[in-house]
Amino acid sequence: AGAQVGILGNLAIGRGADGKCNRSVLSFDTSAIPDDATITRAYVTVHYNTNAGNPWASPAGNSLVVDVKSGAYGATPNTESGDWAAAAGASNVASIARFTSGAKQSADFSAQGLAAIAKSGITQLKLRFASDQTSSSLYLFITKNATLHVEYQ
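Numbering of residues starts from 1 in each chain and follows the order in which that chain's sequence is written. Side-chain atom pairs in this predicted model are given and counted only at pLDDT of 80 or more, local residue features only at pLDDT of at least 70, and totals for whole chains, interfaces and linings cover all residues. To get the side-chain values, all heavy atoms of the structure are used, and hydrogens and water are removed first.

Caption draft 1: Structural detail: the overall build of the chain. Of the regular secondary structure elements, the chain holds 1 helix and 10 strands. Secondary structure counts use DSSP, requiring at least four H or I residues in a row for a helix and at least two E residues in a row for a strand, with both numbered from the N terminus. Across the chain, helices and strands are ordered from the amino to the carboxyl terminus as β-β-β-β-β-β-β-α-β-β-β. We compute the radius of gyration from the C-alpha atoms alone; for a globule the expected value is 2.2 Å times N to the 0.38, where N is the number of residues. Against the 2.2 N^0.38 benchmark of 15 Å for 153 residues, the chain shows a C-alpha radius of gyration of 15 Å, consistent with a compact globule. Considered along the principal axes of its C-alpha atoms, the chain spans approximately 45 × 30 × 25 Å. Out of the 153 residues belonging to the chain, those deemed buried represent 43%. Here, two residues are considered to be in contact whenever any of their heavy atoms come within 4.5 Å of each other. Residue pairs in contact within the chain that sit at least 24 positions apart in sequence constitute 81% of those at least 6 positions apart. Split by element, the accessible area of the chain, about 7,100 Å² in all, is 46% carbon and sulfur. In this charge count, Lys and Arg are treated as positive and Asp and Glu as negative; neither His nor the chain ends contribute. Where a charge lies is defined by one atom per residue type, namely NZ (Lys), CZ (Arg), CG (Asp) and CD (Glu). Separation of charge centres in the chain, based on 11 positive and 10 negative side chains, amounts to 9 Å. Throughout, exposure labels follow a simple rule: accessible area from a 1.4 Å probe, protein chains only, divided by the maximum for the residue type, with under 20% read as buried, over 50% as exposed, and the rest as partly exposed. In this description, accessible areas are obtained by the Shrake-Rupley approach with a 1.4 Å probe, and a residue is regarded as covered only by the protein chains that are shown.

Caption draft 2: Focus on unusual backbone geometry. Residue Pro-59 follows Ser-58 across a cis peptide bond; omega there is 0 degrees. Among the secondary structure elements, Pro-59 is positioned in the loop between strand S4 (39-52) and strand S5 (64-70). Even without being a glycine, Asn-92 presents a positive backbone phi close to 50 degrees. The phi torsion at Ser-137 lies on the positive side, around 60 degrees, for a residue other than glycine. By the element assignment, Ser-137 lies in the loop between strand S8 (122-129) and strand S9 (138-142).

Caption draft 3: Focus on the packing of aromatic side chains. Two rings belonging to Phe, Tyr or Trp (six-membered ring only in the last case) form a pair when the distance between their centres is within 6.5 Å. Interplanar angles under 30 degrees mark stacking, angles over 60 mark edge-to-face geometry, and anything in between is tilted. Summed over all chains, the structure comprises 4 aromatic pairs. Seen from their ring centres, Tyr-139 and Phe-141 are 5.2 Å apart, and the 85 degrees between their planes marks the pair as edge-to-face. Through a chain of ring-to-ring contacts, the aromatic side chains of Tyr-48, Trp-56, Phe-99 and Phe-129 assemble into a single cluster. The ring of Trp-84 carries the charged tip of Arg-23 above its face, separated from the ring centre by 3.9 Å. The ring of Tyr-73 has Lys-126 lying over it, and the distance from NZ or CZ to the ring centre is 4.4 Å. Cation placement over rings: the criterion is NZ of Lys or CZ of Arg within 6 Å of the ring centroid and within 35° of the ring normal.

Caption draft 4: Spatial organisation of the nonpolar core. What makes a nonpolar core is a set of buried Ala, Val, Leu, Ile, Met, Phe, Trp, Tyr and Cys residues whose side-chain atoms join them at distances within 4.5 Å. If you look at the biggest cluster of nonpolar residues, it comprises 31 residues, and the most contacted ones within it are Val-66, Phe-109 and Leu-125. Sort the elements by how many residues they give to this core and S4 lands first, with 5 residues. Not counting the four nearest positions on each side in its chain, Leu-125 is found in contact with Ser-24, Val-25, Leu-26, Phe-28, Val-44, Val-66, Asp-67, Val-68, Tyr-73, Phe-109 and Leu-148.

Caption draft 5: Just the pattern of salt bridges, in detail. We define a salt bridge as a side-chain nitrogen of Lys or Arg found within 4 Å of a carboxyl oxygen belonging to Asp or Glu. Inspection of every chain in the model, using the stated rule, returns 3 salt bridges. Arg-41 is the partner of Asp-108 in a salt bridge, and the nearest nitrogen-oxygen pair spans 3.0 Å. Of this pair, Asp-108 sits in the loop between strand S7 (103-105) and helix H1 (111-115) while Arg-41 sits in strand S4, and the two are 67 residues apart along the sequence. Assessed through its relative accessible area of 27%, Arg-41 is described here as partly exposed.

Functional significance is not addressed by these values, which are geometric in nature.
What follows is the structure in structure tokens.
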């Protein structure tokens, strides 16, 4: 299925009613992390809005995963069409377990995910399902108030 880029009131992840697969990009200013710091832990917290069907069940055992990019996926931090397929600095660095209400924290980022966090400028995260859904109308909407938690020493 093709990619679609747009700005919605909430962020879509999964396969929409139109058959297109959605991924969401989150942008964080991580420039306050000192250049000489060692990042020891990071995770992201997202907030549920709504869903259609069970995007975790198609295919069975599907998982919501986090990719990390030091800097922007595209030429600018703004959403653009190339972001959908743009390569991450580190892929599948953490997963977010199935949830149907409230806030949900990802697993801690892998060592590769920690290394991909920018210490100057921005860090972008791409949220996507590990496998594209096999049917349409299986998606999750999260709100825009996601938080990237970074611990360093």
